[in-house]
Amino acid sequence: MIQTITTDIPDISEEWYRDVVDVADAAPAPVQWFAVHFTEAVILLLGLLVVAVAVPRLRRPDPWGRALALVAPATVVLAYGCSELLKSLIDEERPCRGAVTILAAPCPPTGDWSFPSNHATIAGALATAVLLLSPRWGLLAAPLALLAAFSRVFVGVHYPHDVLAGLLLGLAVTLLVGLPAARFLAEMLRRHSGPATRKVDQGQRVG
């Protein structure tokens, strides 16, 4: 039987949460509407960015690039799975169950725990995948992921430490699992590629 861990909310995180939701409550209606829909829109955009930067790599005769394009998106799914596992072990209640005004309605049901934020985890993993595949586009993906994470606090469904943990989890899984997996897959691709492909790969690494 899996035992859950009940956590105490850090005082500074709770204070920042209340400060942010107070600002959100006083914001104009169009800003509130935008914030409620912002996270999903950003995650969709980051997902499209991953596809956009991965497809060209799949078409090149470069084992490392092709391996990275295949592995990086898969790590996003793994990061999400890890966040779900942590949620089942750490039963931190949602902050929106307190007596505060929130923009998101309704508050997620009991059992849909708060730590870590799934949205922030996915955003962090997607942004890291984009950064690995294309550092130039990664400069756009990183701030988008930060804003997506912040929006979860703004609408009232997560504490700041929830989204910070989610971002770091997405980053860590993508780097610590994705890079070794990509190296292994790249080596497998090199072994099954022709001499011309290996020569191209060596030339790109030297260059």
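Keep in mind the model is a prediction, meaning the values are calculated, not measured. (Residues numbered from 1 in each chain as written. Predicted model: local features only at pLDDT ≥ 70, side-chain atom pairs only at ≥ 80, totals over all residues. Heavy atoms only, no water.)

What follows covers a nonpolar patch on the surface. Together, Leu-78, Leu-164, Leu-168, Leu-171, Leu-175, Leu-176 and Val-177 line one region of the surface with nonpolar side chains, adding up to about 600 Å² of accessible area. Of the residues forming the nonpolar patch, the biggest block, six residues, is contributed by helix α6 (residues 160-191). Relative to the assigned elements, Leu-175 resides in helix α6. Taking the relative accessible area as the measure of exposure, Leu-175 reaches 30% and is therefore partly exposed. (Patch = residues over 30% accessible without salt bridge, like charges linked within 9 Å, V, L, I, M, F, W, Y side chains within 5 Å. Areas by Shrake-Rupley, 256 points an atom, 1.4 Å probe, with all protein chains shown as cover. Salt bridge = Lys/Arg side-chain N within 4 Å of Asp/Glu carboxyl O. Helix = DSSP H or I, 4+ residues; strand = E, 2+ residues; numbered from the N terminus. Buried < 20%, exposed > 50% of the residue type's maximum accessible area, 1.4 Å probe, protein only.)

All right, on to the packing of aromatic side chains then. Going through the model one piece at a time under the given rule, you end up with three aromatic pairs. Taking 5.3 Å as the distance between ring centres and 45 degrees as the angle between the ring planes, the aromatic pair formed by Phe-34 and Phe-38 counts as tilted. Of this pair, Phe-34 and Phe-38 are both found in helix α2 (residues 29-59), four residues apart, which corresponds to roughly one turn of the helix. (Phe/Tyr/Trp six-rings, centres within 6.5 Å; stacked < 30°, edge-to-face > 60°.)

Leu-46, Leu-126, Leu-133 and Phe-154 are the most contacted members of the largest nonpolar core, which has 51 residues in total. At the level of secondary structure, the elements contributing two or more residues to this core comprise α1 (11-26), α2, α3 (63-89), α4 (118-133), α5 (135-154) and α6. Residues contacting Leu-133, with those up to four places away along its chain left out, are Val-50, Val-53, Ala-54, Arg-57, Leu-68, Ala-69 and Ala-72. (Core = buried A, V, L, I, M, F, W, Y, C linked by side-chain atoms within 4.5 Å. Contact = heavy atoms within 4.5 Å.)

All right, on to unusual backbone geometry then. The omega angle of the peptide bond from Phe-115 to Pro-116 is -10 degrees, so this bond is cis rather than trans. As for its position among the elements, Pro-116 is in the loop between α3 and α4.

Turning to the state of the cysteines, a few remarks are in order. For the structure on display, the rule yields one disulfide. Across a sulfur-sulfur distance of 2.0 Å, Cys-96 and Cys-107 are joined as a disulfide pair. Between Cys-96 and Cys-107 the disulfide shows an S-S torsion of about 60 degrees. By sign, it is right-handed. Of the two residues, Cys-96 is situated in the loop between α3 and α4 and Cys-107 in the loop between α3 and α4; the sequence distance between them amounts to 11 residues. Assigned by exposure class, Cys-96 and Cys-107 land together as buried. (Disulfide = S-S within 2.5 Å.)

Quick look at the pattern of salt bridges now. Throughout the structure, instances matching the rule amount to three salt bridges. Of the charged contacts, one joins Glu-14 and Arg-18 as a salt bridge, the two residues approaching to 3.7 Å between their closest N and O atoms. One end of the pair, Glu-14, and the other, Arg-18, are both in helix α1, four residues apart, so they sit about a helical turn from each other. Judged by relative accessible area, which is 27%, Glu-14 ranks as partly exposed. Classification of Arg-18 as partly exposed rests on a relative accessible area of 37%. Close ionic contact of Glu-187 with Arg-191 constitutes a salt bridge, the shortest N to O distance being 3.6 Å. With Glu-187 and Arg-191 both in helix α6, this residue pair falls four residues apart, about one helical turn. According to the relative accessible area criterion, Glu-187 is partly exposed, its value standing at 34%. On the basis of relative accessibility, which here comes to 59%, the residue Arg-191 falls in the exposed class. Via salt bridges that share partners, Glu-187, Arg-190 and Arg-191 belong to a single interconnected network.

Below, the discussion takes up a negative patch on the surface. Taken together, the side chains of Asp-11, Glu-15, Asp-19, Asp-22 and Asp-25 define an acidic patch exposed on the protein surface. Examined against the element boundaries, Asp-25 turns out to sit in helix α1. Residue classification places Asp-25 among the partly exposed positions, given a relative accessible area of 41%. (Lys, Arg positive; Asp, Glu negative; His and termini not counted. Charge placed at Lys NZ, Arg CZ, Asp CG, Glu CD.)

The subject of this paragraph is the confidence of the model for the protein chain. Mean pLDDT over the protein chain stands at 83; residues scoring 70 or higher make up 87%. Here helix α7 (residues 195-206) is the element of the protein chain with the lowest mean pLDDT, 46, and α4 is the one with the highest, 93. Counted against residues more than four places away or in other chains, residues 196-207, with its pLDDT under 50, gives 13 contacts. (pLDDT = per-residue confidence, 0-100.)

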